Amino acid sequence: MKIAYWGSGPISNFHISALRHLEVDIISCFSRENSSNLLDFSSRHNIQASKTEDEFLNRCDDADAVFVALKTEHTLEALEKLKGNYKVFF
């Protein structure tokens, strides 16, 4: 299964470990543009970071699922942007 991962906060470190244990292919990650936390996260977990939201949403089209792990106040806005033919976990 190929997953695009939207988030890079502390809980995401646990999610990535669990997904990797299940041998999931994480094809891209994103949190917000110009985020130093995203760059650290992608480097630590060896995941390609999308530089922009549009780039990430385009990468989602190559995924079987999108995993959304954003702060609660940003989740609904993110979910409204996910319109592709993939499963969404949040």
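Provided above is the structure to which this section pertains.
On a predicted model such as this, the values are computed, not experimentally measured, just so you know. (Residues numbered from 1 in each chain as written. Predicted model: local features only at pLDDT ≥ 70, side-chain atom pairs only at ≥ 80, totals over all residues. Heavy atoms only, no water.)

*Asks:* What is the right way to look at helix 1 (residues 10-21) in this model?
*Replies:* Inspection of helix 1 places Ser12, Ile16 and Leu19 among the buried residues, and these make up the whole buried set. Seen from one end, helix 1 has its buried residues packed into an arc of 65°, which puts them on one side. More than 90 degrees from the buried face of helix 1, the exposed residues found are Pro10, Phe14 and His21. On its buried side, helix 1 packs onto strand 1 (2-6), strand 2 (25-30), helix 2 (36-45) and strand 3 (65-68). Looking one or two residues beyond helix 1, the residue adopting positive phi is glutamate 23, at roughly 60°. (Buried < 20%, exposed > 50% of the residue type's maximum accessible area, 1.4 Å probe, protein only. Helix = DSSP H or I, 4+ residues; strand = E, 2+ residues; numbered from the N terminus. Arc of directions from axis to C-beta. Contact = heavy atoms within 4.5 Å.)

*Asks:* Please clarify how the pairing of strand 2 should be interpreted in this entry.
*Replies:* Each regular strand shows side chains that alternate between the opposite faces of the sheet. The buried fraction of strand 2 is high, at 5 of 6 residues. In terms of strand pairing, strand 1 meets strand 2 through 5 bridges, oriented parallel. Bridging across to strand 2, lysine 2 finds its partner in aspartate 25. Read as a crossover between parallel neighbours, the route from strand 1 over helix 1 to strand 2 is right-handed. (Pairing = 2+ DSSP bridges. Right-handed = clockwise from strand over helix to strand, strands pointing away.)

*Asks:* Looking at this model, I keep getting lost on the sheet that holds strand 3. Mind explaining?
*Replies:* Two strands in a sheet stick together by hydrogen bonds in their backbones, pointing the same way (parallel) or opposite ways (antiparallel). Spatially, 2-1-3-4 is the arrangement adopted by the 4 strands of the open sheet, whose pairing is parallel. Each edge of the open sheet carries a strand with a single partner, namely strand 2 and strand 4 (87-89). Averaged over all neighbouring strand pairs, the angle between strand axes comes to 20°, with direction disregarded. (Axes fitted to C-alpha atoms, helices over the stretch in contact; angles between N-to-C directions.)

*Asks:* What should I look at first to understand the side chain of serine 8 in this one?
*Replies:* Take serine 8: it is sitting in the loop between strand 1 and helix 1. When sequence neighbours within four positions are dropped, the list of residues in contact with serine 8 reads Ser31, Asn37, Leu38 and Phe41.

*Asks:* I tried to follow the pairing of strand 1 on my own but got confused; where do I start?
*Replies:* Of all 5 residues in strand 1, 4 are buried, a share of seventy percent or more. As defined by bridge partners, strand 1 adjoins strand 3 across 4 bridges and the pair is classed as parallel. Bridge pairing in strand 3 places tyrosine 5 opposite phenylalanine 67.

*Asks:* I'm lost on the packing of helix 1 against helix 2 in this one. Help?
*Replies:* The relative placement of two packed helices is expressed as an angle between their axes plus a distance between the axes. For the pair helix 1 and helix 2, interaxial distance at closest approach is 12 Å and the crossing angle is 30°. In terms of orientation, helix 1 lies roughly parallel with respect to helix 2. Read as a crossing pair, helix 1 and helix 2 show a hand that is right-handed. Residues Ser12, Asn13, Ile16 and Arg20 of helix 1 lie in contact with helix 2, whose contacting residues are Phe41, Arg44 and His45. Residues of the contact of helix 1 with helix 2, tallied by class, amount to 2 nonpolar, 3 polar and 2 charged. (Parallel < 35°, antiparallel > 145°, perpendicular 65-115°, else oblique. Left-handed = near helix turned anticlockwise from the far one by under 90°. Nonpolar A, V, L, I, M, F, W, Y, C, P; charged D, E, K, R; others polar.)

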